[in-house]
Amino acid sequence: MIYGRLHDPSAYGRPQPGRQVRALLAVHSAVAGLLTPLPTAEADGERLFRQRCASCHAVEPGRNKAGPHLAGIVGRPAASVDGARYSKAMQSAAITWDWQLLDTFLAAPSRMVPGTRMTVRVPDSAHRTAIIG
Ligand code: HEC
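Residues numbered from 1 in each chain as written. Predicted model: local features only at pLDDT ≥ 70, side-chain atom pairs only at ≥ 80, totals over all residues. Heavy atoms only, no water.

1. Observations regarding the packing of helix α5 (residues 99–107) against helix α7 (residues 125–132)
Line of reasoning, step 1. Axis separation between α5 and α7 bottoms out at 10 Å; the angle between their running directions is 130°. Classed by the angle they form, the pair α5 and α7 counts as oblique. Crossing of α5 over α7 shows right-handed handedness. Judged by residue contacts, W99, L102, D103, L106 and A107 of α5 engage R128, T129, I131 and I132 from α7.
Line of reasoning, step 2. Per-class residue counts for the contact of α5 with α7 are six nonpolar, one polar and two charged. (Axes fitted to C-alpha atoms, helices over the stretch in contact; angles between N-to-C directions. Helix = DSSP H or I, 4+ residues; strand = E, 2+ residues; numbered from the N terminus. Parallel < 35°, antiparallel > 145°, perpendicular 65-115°, else oblique. Left-handed = near helix turned anticlockwise from the far one by under 90°. Contact = heavy atoms within 4.5 Å. Nonpolar A, V, L, I, M, F, W, Y, C, P; charged D, E, K, R; others polar.)

2. Details of the coordination of the iron atom of the ligand
Line of reasoning, step 1. Here the iron atom of the ligand is held by H57 (NE2) and M118 (SD), and the distances to it run 1.9 to 2.0 Å.
Line of reasoning, step 2. In this structure, the iron atom of the ligand is surrounded by six donor atoms whose angles at the metal cover 86 to 178°, and the resulting shape is octahedral. In this pair, H57 is assigned in the loop between α3 (38–52) and α4 (88–91) and M118 in the loop between α6 (109–112) and α7, connecting sequence segments 61 residues apart.
Line of reasoning, step 3. With a relative accessible area of 11%, H57 lands in the buried category.
Line of reasoning, step 4. For M118, a relative accessible area of 22% corresponds to the partly exposed category. (Donors = N, O, S within 2.8 Å, 3.2 Å for Na, K, Ca; no water. Tetrahedral: all angles 85-135°; square planar, octahedral: opposite > 155°, others 65-115°. Buried < 20%, exposed > 50% of the residue type's maximum accessible area, 1.4 Å probe, protein only.)

3. Thoughts on α5
Line of reasoning, step 1. Listed as buried for α5 are W99, L102, D103, F105 and L106. Seen from one end, α5 has its buried residues packed into an arc of 165°, which puts them on one side.
Line of reasoning, step 2. For α5, the N-terminal capping position is held by D98, with its side-chain oxygen 3.2 Å away from the main-chain nitrogen of Q100. (Arc of directions from axis to C-beta. Polar contact = N/O pair within 3.5 Å; in protein donor to acceptor, adjacent residues only side chain to side chain.)

4. As for the environment of S110
Line of reasoning, step 1. Mapped onto the elements, S110 comes out in helix α6.
Line of reasoning, step 2. You can call S110 partly exposed: its relative accessible area is 46%.
Line of reasoning, step 3. Once the C-alpha coordinates of S110 and A89 are considered, the two residues, 21 residues apart in sequence, prove to be 9.5 Å apart.

5. Here we look at the site of the ligand
Line of reasoning, step 1. C53, C56, H57, S87 and M118 are the nearest of the 27 residues found near the ligand.
Line of reasoning, step 2. Contact between the ligand and H57: a nitrogen atom at 2.7 Å from a side-chain N or O atom of the residue.
Line of reasoning, step 3. In this structure, an oxygen atom belonging to the ligand sits 2.5 Å away from a side-chain N or O atom of Y86.
Line of reasoning, step 4. Here the shell around the ligand gets three residues from one element, more than from any other, and that element is α5.
Line of reasoning, step 5. Per-class residue counts for the shell around the ligand are 19 nonpolar, five polar and three charged. (Near = heavy atom within 4 Å.)

Structure below.
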């Protein structure tokens, strides 16, 4: 959902993922496509996002709630949304979000970024795949 719908680095002038990352993502989509019929995964991703994320995250740029908007999150450096309130932990994370990092973060945010203010975990990997997908 995040990758399919919100991945628009051109809107932010962010660099596109490198060739290797794109290849990995293609492999991932192929595998995910075999395991889950895409329309279902996408529908589930939308529903899960609404249930688990939308109270704090908008998907439109420029609209921050308790958390920063997530438009263009794939390829975006952590803690880079103007006007969003970030923890010191996130500000010093020094990462650029890609599929794998989002998956790791959502599984256990404070394990990956100790001190983060985002406390919502998505322990089910199929749910993470649908949300990020
Ligand atoms: C209760 C509010 C809340 C919910 C619900 C929530 N988040 Fe967050 N999220 C935050 C806050 C606050 C931050 C900023 C964290 C920090 O600065 O440490 C954040 C940060 C993030 C970031 C890093 C953004 C950046 O600009 O670096 C991502 C990615 C993210 N959240 C994804 C999600 C997803 C996906 C969900 C649903 C599974 C979700 N969040 C649910 C509050 C929330």
